[in-house]
Amino acid sequence: AQSVTQLGSHVSVSEGALVLLRCNYSSSVPPYLFWYVQYPNQGLQLLLKYTSAATLVKGINGFEAEFKKSETSFHLTKPSAHMSDAAEYFCAVSAGSTNAGKSTFGDGTTLTVKP
Amino acid sequence: DTAVSQTPKYLVTQMGNDKSIKCEQNLGHDTMYWYKQDSKKFLKIMFSYNNKELIINETVPNRFSPKSPDKAHLNLHINSLELGDSAVYFCASSRIDPGFRDGYTFGSGTRLTVV
């Protein structure tokens, strides 16, 4: 079984401020973890992924995330928010081949960036 | 050049009608998925095919029937449409190797509105 909890359905930051989007997961096997971004009226785009290599992973658009097994967390951060970062962000967990690549998504976090 | 393409992008239809959504990927991926995103943006897996074989079939009404003529195409046919079927349907694809670690590539979605 696998599940994801994203803490905070809405996060608002000022332009230039730190972005922190929280994700906690549950998985019966070592997980693969993903963050996706969805801009209005578009599909989801992969931001970054954790697949049991380095625990600190870097993605596109200056985002990074750290896998913490002891806390079952995979929080997404960006040092300085840009207006173009405003979007919906989804954390997802997968057990890889164990469950045929099925990804379970969190409920999403809407990021608003204020000028 | 679109990696995962869905048609149509918008679909407005009356209750009781039958409709189909088509998806094609040119990435050479082995596995394709259908996800449903509801009005609250919750994403839920519906089906998954691996090289034309159905491998994931979540609890979805029998009115929904996926078909995969080859590993590059996955279509979704919906019979007797109901108001509750209104949602955005996303097609996605992924590679089996290495162990589904790459995450998904999503299409841009089909917004289905049943009136």
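Just above sits the structure.
Not measured: the values here are computed from a predicted model.

**Comments concerning the state of the cysteines**
Residues and elements named next belong to chain A.
Then, number 1: Tallied over the entire structure, the rule returns two disulfides over all chains.
Then, number 2: Each disulfide pairs two cysteine sulfurs, and for Cys23 the partner residue is Cys91, the sulfurs being separated by 2.0 Å. Because the sign of the S-S torsion sets the handedness, a value of about -65° for the bond joining Cys23 and Cys91 places this disulfide among the left-handed ones. Here Cys91 lies in strand β9 (residues 87-94) and Cys23 lies in strand β3 (residues 19-27), a separation of 68 residues in the sequence.
Then, number 3: Residue class for Cys23 comes out buried when judged on its relative accessible area of 0%.

**Thoughts on the sheet that holds strand β6 (residues 56-58) of chain A**
Residue and element names in this part refer to chain A.
Then, number 1: Pairing within the open sheet is antiparallel, and its five strands lie in the order β1-β3-β8-β7-β6. In this open sheet, the two strands that pair with only one neighbour each are β1 (2-7) and β6. For this sheet the average axis-to-axis angle between neighbouring strands, irrespective of direction, equals 20°.

**Description of the nonpolar core**
Then, number 1: Counting residues in each nonpolar core, the largest one holds 27 residues, and the members touching the most others are Trp35, Leu48, Phe74, Leu76 and Tyr89 of chain A.
Then, number 2: Within the second largest apolar cluster, 20 residues are counted, among which are Met46, Phe47, Leu74 and Leu76 of chain B.

**Some thoughts on the interface of chain A and chain B**
Then, number 1: Every contact between the two is made by 22 residues of chain A and, on the other side, 22 residues of chain B.
Then, number 2: When chain A packs against chain B, the two sides together hide about 1,900 Å² of surface, and 55% of this comes from carbon and sulfur.
Then, number 3: It is Leu44, Ala100 and Lys102 of chain A in chain A that bury the most area against chain B; as a group they hold 24% of the surface buried on that side.
Then, number 4: Counting across the chain A and chain B interface gives three salt bridges.
Then, number 5: For the side of chain A that touches chain B, the elements supplying multiple residues, two or more each, are β4 (32-38), β5 (44-50), β9 and β10 (103-105) of chain A.
Then, number 6: When residues in the side of chain A that touches chain B are grouped by element, the largest group, four residues, is from β4 of chain A.

**Side note on the packing of aromatic side chains**
Aromatic rings considered in pairs are described by the distance between their centres and by the relative angle of their planes.
Then, number 1: In total, this model carries 17 aromatic pairs over all chains according to the counting rule given.
Then, number 2: A centroid spacing of 6.4 Å and a plane angle of 50° characterise the contact between Tyr33 of chain B and Tyr35 of chain B, whose relative ring orientation is tilted. The residues Tyr33 of chain B and Tyr35 of chain B share a single accessibility class, namely buried.
Then, number 3: Members of the aromatic cluster, connected to one another through ring pairs, are Phe34, Tyr36 and Phe105 of chain A together with Tyr33, Tyr35, Phe90, Tyr104 and Phe106 of chain B.

**Focus: the pattern of salt bridges**
Then, number 1: Applying the stated rule across the entire model yields nine salt bridges over all chains.
Then, number 2: Asp85 of chain B is paired through a salt bridge with Arg63 of chain B; the nearest N and O atoms lie 2.8 Å apart. Placement of Asp85 of chain B in the loop between β8 (73-78) and β9 (87-94) and of Arg63 of chain B in the loop between β6 (53-57) and β7 (64-70) is noted, with a sequence separation of 22 residues between them. Like Asp85 of chain B, the residue Arg63 of chain B is buried in the burial classification.
Then, number 3: Through salt bridges with shared partners, a single ionic network connects Lys49 of chain A together with Arg95 and Asp102 of chain B.

**Thoughts on the environment of Asn75 of chain B**
Residue and element names in this part refer to chain B.
Then, number 1: Position of Asn75 among the secondary structure elements: in strand β8.
Then, number 2: Spatially, the C-alpha atoms of Asn75 and Lys19 are 11 Å apart, while their sequence positions differ by 56 residues.
Then, number 3: Those residues within four positions of Asn75 in sequence are excluded, and the remaining contacts are Ile21, Lys22, Cys23, Trp34, Ser65, Pro66, Lys67 and Pro69.

**A word on unusual backbone geometry**
Residue and element names in this part refer to chain B.
Then, number 1: A cis amide bond links Thr7 to the next residue, Pro8, at an omega of -5°.
Then, number 2: Within the secondary structure, Pro8 is located in the loop between β1 (4-7) and β2 (10-13).
Then, number 3: Positive phi outside glycine occurs at Lys52, with the angle close to 75°.
Then, number 4: Tracing the backbone through its elements, the reader meets Lys52 in the loop between β5 (43-50) and β6.
Then, number 5: Given a relative accessible area of 47%, Lys52 falls into the partly exposed group.

About the thresholds
- Residues numbered from 1 in each chain as written.
- Chains lettered and ligands numbered in written order.
- Predicted model: local features only at pLDDT ≥ 70, side-chain atom pairs only at ≥ 80, totals over all residues.
- Heavy atoms only, no water.
- Disulfide = S-S within 2.5 Å.
- Helix = DSSP H or I, 4+ residues; strand = E, 2+ residues; numbered from the N terminus.
- Buried < 20%, exposed > 50% of the residue type's maximum accessible area, 1.4 Å probe, protein only.
- Pairing = 2+ DSSP bridges.
- Axes fitted to C-alpha atoms, helices over the stretch in contact; angles between N-to-C directions.
- Core = buried A, V, L, I, M, F, W, Y, C linked by side-chain atoms within 4.5 Å.
- Contact = heavy atoms within 4.5 Å.
- Buried area = accessible area lost by both parts, 1.4 Å probe.
- Salt bridge = Lys/Arg side-chain N within 4 Å of Asp/Glu carboxyl O.
- Phe/Tyr/Trp six-rings, centres within 6.5 Å; stacked < 30°, edge-to-face > 60°.

Without other data, these values stay purely geometric and don't point to any function.
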